[in-house]
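Remarks on the overall topology
Read off the chains here:
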Amino acid sequence: MNAVVSWLEHRQIGLYLVAILVAGIAGLTVPGAHHLEATIEPVLALLLFATFLAVPFAAIGKSLRDGPFLAAVGVLNFSVVPLVAYGLSRFVAAEPALLFGVLLVLLTPCIDYVIVFAGLAGGASERLLAAAPLLMLAQILLLPLYLLLFIGPEGVAVVEVGPFARAFLLLIVVPLTAAALVQALARRHRSGVVIERTMLGLMVPLMMATLFAVVASQAGAVGDSPGQLLVLVPLYAAFLVVMAALGIGVGRIFRLDVPATRALVFSGATRNSLVVLPLALALPASLSLAPVVVVTQTLVELIGMVIFVRLVPRLVPSQRARIELEDVKPVSR
């Protein structure tokens, strides 16, 4: 069992890319693949349960008192990101559905699988976990304000709290509570230890299942409107590139350590697409393309996150790696 888990962990990036590729093909060719949408939340909840099990809850309590990191996350997501989102949204300002979809997804920071990807890149996942409730509350309060500023009163009128509250309950509260109970059980009974080890061993398969469910269920919707959505791919890719640079910059301003800076980069780059998708689906017919706009961001972001897992540790190297680089001197002739 340990050998299988080790094999999966060492090849996880390649396996994630394969999952995305196979899911994309299945979503475009298999009739009824969109029904996999119903599996996204259960699979994602299991993935987050396994993720939370790997984070000591004592570390979460300590992270809640980490003022500099929480301040950096707040500044990046609610001061810097809105400016970037507004600038990028100007490229689709003439299309109301595209404009609304782009702003809806880019203005809402991720609270779920960002924890997984940040952890894979050596980021402080426990700090992101501690910040998740604050990020969720802040985006609920601030999203209507930003839509009012960027779109007008009609943007605020269609925003509902329900999808946000439901996602917070199912994807954060339930898995987090279950993980806390299992950790408490593991301190007293072997059954808790078995659950912990089993779920941690399933991390890579669960991530693959999540990627497959998301991509396969949404690829068909994206494929139905390729012309209108083509402009969104470079726009979303630009967002990832810009936010990687700005995340590193904000991390330096707040003097965060390496794990915290890596986590900050992921927080600024990942968006809450799985949470806002139900909201987008409930929009009026005049904005019927908005859900596909959100889905397109999901697909671009998933591929981007697989790249980020390898790239961010190089952009934000550990202190040891920095010392090794400084010790490398050119050979003089």
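Residues numbered from 1 in each chain as written. Predicted model: local features only at pLDDT ≥ 70, side-chain atom pairs only at ≥ 80, totals over all residues. Heavy atoms only, no water.

1. Looking at the side chain of Asp 66
Within the fold, Asp 66 resides in the loop between helix H4 (57-63) and helix H5 (67-89). With a relative accessible area of 15%, Asp 66 lands in the buried category. Looking at Asp 66, its side chain comes within polar contact range of the side chain of Arg 127, at 3.2 Å. (Helix = DSSP H or I, 4+ residues; strand = E, 2+ residues; numbered from the N terminus. Buried < 20%, exposed > 50% of the residue type's maximum accessible area, 1.4 Å probe, protein only. Polar contact = N/O pair within 3.5 Å; in protein donor to acceptor, adjacent residues only side chain to side chain.)

2. Some details on unusual backbone geometry
One non-glycine residue, Arg 255, lies in positive phi territory at about 55°. Mapping Arg 255 onto the fold places it in the loop between helix H14 (232-253) and helix H15 (258-269).

3. Things to note about the environment of Ala 237
In this fold, Ala 237 is placed in helix H14. Residue Ala 237 is classed as partly exposed on the basis of its relative accessible area of 31%. Distance from Ala 237 to Leu 147, taken between C-alpha atoms, is 22 Å for residues 90 residues apart in sequence.

4. Observations regarding the pattern of salt bridges
One side chain can pair with another of opposite charge once the charged atoms of both are near each other. Here the structure, examined in full by the defined rule, presents three salt bridges. Where Arg 166 meets Glu 41, a salt bridge forms, and the shortest distance between an N and an O atom there is 2.8 Å. Pair noted here: Arg 166 is in helix H10 (residues 162-186) and Glu 41 is in helix H3 (residues 37-53), with a separation of 125 residues, a long-range link. One salt bridge in this structure joins Arg 127 and Asp 66, with 3.2 Å as the shortest N-O distance. Placement of the pair is Arg 127 in helix H8 (residues 125-150) and Asp 66 in the loop between H4 and H5, with a sequence separation of 61 residues. The same class applies to Arg 127 as to Asp 66, namely buried. Linked through salt bridges whose partners overlap, the residues forming this network are Asp 66, Arg 127 and Asp 257. (Salt bridge = Lys/Arg side-chain N within 4 Å of Asp/Glu carboxyl O.)

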